[in-house]
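# Observations on the three-dimensional arrangement
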Amino acid sequence: MTDYRFKFSIISAVYNAENYLEDAIQSILVQDIGFQDSVELILVDDGSPDSSGSICDFWQKKYPDNIKVIHKENGGVSSARNAGIAVAEGRYINFMDSDDKLSPDTLSSVYQYFITIDDRADLVSIPIYFFEKKEQPHRLNYKFASNKNLLVDLNQKYSFVQLSAASAFFKREVLTPDFFSTTLRYAEDARAIMGLFLKNPIYGIVPQARYDYRCRESMNSALNGSKLHKEWYLDCLQEYVLWSAQQALALYGSVPKFVQFHMMYDLQSRFRMEEFPEHVLTPSEKEKFMVLLKECLSYISDPIILEQKNLSKEQKDLVIRTKYGADSGILEYKNEDYRYRYGETTTASMSSYVVKLQQLIPQDNGLLLYGSAKTGVHFPKPEHFFVRLTAKKQAVTLPCSFQQNADRVFRYHGSTLACFYDFQVLIPYDILKRNSSLEICMTCNSHTVKFRNLTAEPSFPVPPKAQKKTWDCHSLFFSRTREEILVESGHLLKRCITSFKSHFNK
């Protein structure tokens with residue numbers, strides 16, 4: 001085994017980080033593994049116009065044996081990281097950004113596990129937590145749910161996506177001088193990591209460690225977002241997403257599930273765009289983008305698309321329609337439901353869209369129920385809404401008044417994908433029987449569609465925990481105060497809804 005001077009080299013590309021750089025440096029100095037004995041910090045000043053370069057020099061003078069500083073012309077984060085790799089003397093390498101931090105036990109936790117799997121894995125991943133502007137875990141932290149150090153085989157855990165080089169630690173010997181592509185403005189981390197996974201799809205995870213990712217308060221995502229740069233639309237798809245499929249085909253003759261999942265995870269954000277920013281892409285570039293998008297999807301199976309957790313029902317349907325063509329779906333009606341079929345794939349049915357119960361107001365002759373129902377516009381347009389209450393196999397239908405909510409729509413590229421319909425209905429007390437089940441329905445093309453996903457808004461009354469076994473509707477409602485009626489009627493209606501769900505689940 002090669003002898004390394006340090007256990008770790010932390011390479012940080014520095015650019016316009018004068019307000020945060022010392023926090024980042026301090027997080028390395030206080031590592032409980034022992035900074036001076038175990039850690040090398042390489043600060044690469046990438047032509048930063050602020051005082052970041054001077055801050056680097058100050059700390060290098062304090063720790064001349066442990067801190068290296070490279071001053072270079074601005075060339076981007078990839079060129080800065082590559083410059084750091086060239087002089088790194090650590091056994092394991094990390095690429096912490098210059099405004100982020102590592103928790104004090106990160107290096108010791110990673111080292112203790114990495115040395116046990118060094119012969120099987122090329123990298124170890126740690127969880128990401130956001131701080132400053134927002135404080136929450138990264139959505140990919142589900143990988144660490146076991147709270148145990150694990151060796152991940154992507155051929156089995158294909159959804160365990162790893163895209164960030166900052167939250168990963170690499171063996172020094174797998175890092176080439178051009179490890180990060182300098183031609184990519186976005187997804188350079190993801191491409192570099194994919195290059196390793198294609199050769200060895202096994203990596204380690206260490207949940208105890210922690211990468212703290214700073215979301216700057218001063219950052220205006222609308223101005224600084226990747227969506228304002230054409231490279232995000234064209235180069236990223238061509239040189240990372242499509243490249244991943246092509247490389248996999250060359251190596252394996254097929255595209256493994258883990259490659260597909262990484263590709264689709266990256267593509268998700270392209271389907272969450274309400275509008276394309278003006279003047280970013282020319283008409284011909286937009287056309288090229290859509291061609292690239294469809295080509296990338298051709299390598300991703302439908303189950304992988306539908307498995308994504310960060311796309312709504314209508315967005316997933318949009319992805320499938322983009323893959324097969326806008327008019328490729330066949331509309332089917334069965335069991336009070338509509339759904340679209342694309343070959344062997346069916347997307348979310350019309351009944352699976354959510355109904356939100358918003359308010360319940362007691363009236364002299366019944367309960368006034370307010371709610372809203374979401375539906376995809378690719379389905380037939382609703383003609384009527386109604387509530388159906390069923391007791392002892394006898395059903396009563398109550399028509400609802402409804403209208404589309406013009407302020408609540410979901411769009412993609414200027415086109416509406418889904419919308420909400422607000423409805424209200426008066427439910428007479430005398431038909432709220434003990435064993436009644438309540439269903440929210442609508443008619444489309446003269447067919448009934450029964451919603452199967454009812455949820456309650458915070459404004460909807462919360463029933464008391466104590467439940468009565470019997471109910472006398474008249475004595476219940478006419479001998480109570482308005483506040484008592486509101487709570488107890490909410491309990492009664494909720495029981496009807498629960499009865500409906502229990503019946504449906506059978």
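Residues numbered from 1 in each chain as written. Predicted model: local features only at pLDDT ≥ 70, side-chain atom pairs only at ≥ 80, totals over all residues. Heavy atoms only, no water.

## Remarks on the packing of helix 10 (residues 257-267) against helix 11 (residues 283-297)
Running from N to C, helix 10 and helix 11 point in directions that differ by 150°, and their axes come no closer than 10 Å. Judged by the inter-axis angle, helix 10 sits roughly antiparallel to helix 11. You can see that helix 10 and helix 11 cross each other, and the crossing is left-handed. Where helix 10 approaches helix 11, its residues Met263, Met264 and Leu267 are matched on the opposing element by Leu293, Cys296 and Leu297. (Axes fitted to C-alpha atoms, helices over the stretch in contact; angles between N-to-C directions. Helix = DSSP H or I, 4+ residues; strand = E, 2+ residues; numbered from the N terminus. Parallel < 35°, antiparallel > 145°, perpendicular 65-115°, else oblique. Left-handed = near helix turned anticlockwise from the far one by under 90°. Contact = heavy atoms within 4.5 Å.)

## Topic: the side chain of Arg214
Tracing the backbone through its elements, the reader meets Arg214 in strand 12 (residues 211-215). One polar contact links the side chain of Arg214 to the main-chain carbonyl oxygen of Asp99, over a distance of 2.8 Å. Residues within four places of Arg214 in sequence aside, it is in contact with Tyr20, Asp23, Asp99, Asp100, Phe131 and Glu132. (Polar contact = N/O pair within 3.5 Å; in protein donor to acceptor, adjacent residues only side chain to side chain.)

## Some words on the environment of Lys68
Following the sequence through the fold, Lys68 ends up in strand 3 (residues 67-72). Of the residues examined, Lys68 reaches a relative accessible area of 24% and is grouped as partly exposed. Taking the C-alpha atoms as reference points, Lys68 and Asp57, 11 residues apart in sequence, are found 8.8 Å from one another. Looking at Lys68, its side chain comes within polar contact range of the main-chain oxygen of Val87, at 2.7 Å. (Buried < 20%, exposed > 50% of the residue type's maximum accessible area, 1.4 Å probe, protein only.)

## Remarks on the sheet that holds strand 15 (residues 345-346)
Overall, antiparallel pairing links the 3 strands, which are arranged 13-14-15 in an open sheet. Pairing within the sheet leaves two strands with one partner each, and these edge strands are strand 13 (330-333) and strand 15. Across 2 bridges, the pairing between strand 14 (residues 338-342) and strand 15 is antiparallel. Its bridge partner being in strand 15, Arg341 is matched across the sheet by Thr346. (Pairing = 2+ DSSP bridges.)

## Topic: the pairing of strand 3
Across 6 bridges, the pairing between strand 2 (residues 39-46) and strand 3 is parallel. Across the sheet, the residue bridging to Asp46 is Lys72, located in strand 3. For the handedness criterion, the β-α-β arrangement of strand 2, helix 3 (residues 52-62) and strand 3 is classed as right-handed. (Right-handed = clockwise from strand over helix to strand, strands pointing away.)

## Section: the pattern of salt bridges
For the structure on display, the rule yields 25 salt bridges. As a salt-bridge pair, Arg216 and Asp99 come within 2.9 Å of each other at their nearest N and O atoms. Residue Arg216 is found in the loop between strand 12 and helix 7 (221-224), and its partner Asp99 is found in the loop between strand 4 (90-94) and strand 5 (101-102); the two are separated by 117 residues along the sequence. By relative accessible area, Arg216 is classed as buried at 18%. The buried category is assigned to Asp99, whose relative accessible area is 12%. Arg191 is the salt-bridge partner of Glu239, the closest N and O atoms lying 3.5 Å from each other. Of this pair, Glu239 sits in helix 9 (residues 235-252) while Arg191 sits in helix 6 (residues 188-199), and the two are 48 residues apart along the sequence. (Salt bridge = Lys/Arg side-chain N within 4 Å of Asp/Glu carboxyl O.)

## With respect to the packing of aromatic side chains
Under the counting rule described, the total for this entry stands at 33 aromatic pairs. Taking the centre distance of 5.0 Å and the plane angle of 85° together, the rings of Phe179 and Phe180 count as edge-to-face. Using a relative accessible area of 1% as the deciding quantity, one classes Phe180 as buried. For the ring pair Phe276 and Tyr412, a centre distance of 6.4 Å and an interplane angle of 65° mean the geometry is edge-to-face. One end of the pair, Phe276, is in the loop between helix 10 and helix 11; the other, Tyr412, is in strand 19 (residues 394-412), and 136 residues separate them in sequence. On the basis of relative accessibility, which here comes to 7%, the residue Phe276 falls in the buried class. Counting every residue linked through ring pairs, the aromatic cluster contains Trp232, Tyr233, Phe271, Phe276, Phe289 and Tyr412. Across from the ring centre of Phe131, 4.8 Å away, lies the NZ or CZ of Lys101, which sits over that ring. Cation over ring: Arg408 sits above Phe420, and NZ or CZ is 3.7 Å from the ring centre. (Phe/Tyr/Trp six-rings, centres within 6.5 Å; stacked < 30°, edge-to-face > 60°. Lys NZ or Arg CZ within 6 Å of the ring centre and 35° of its normal.)

## A few points about the confidence of the model for the protein chain
Per-residue confidence for the protein chain gives a mean pLDDT of 89; residues scoring 70 or more make up 88%. Within the model, pLDDT remains below 50 along residues 463-480, and this stretch shows 35 contacts once partners closer than five positions in the same chain are excluded. Confidence drops under a pLDDT of 50 for residues 499-506, and excluding neighbours within four residues, the segment shows 12 contacts in the predicted structure. (pLDDT = per-residue confidence, 0-100.)

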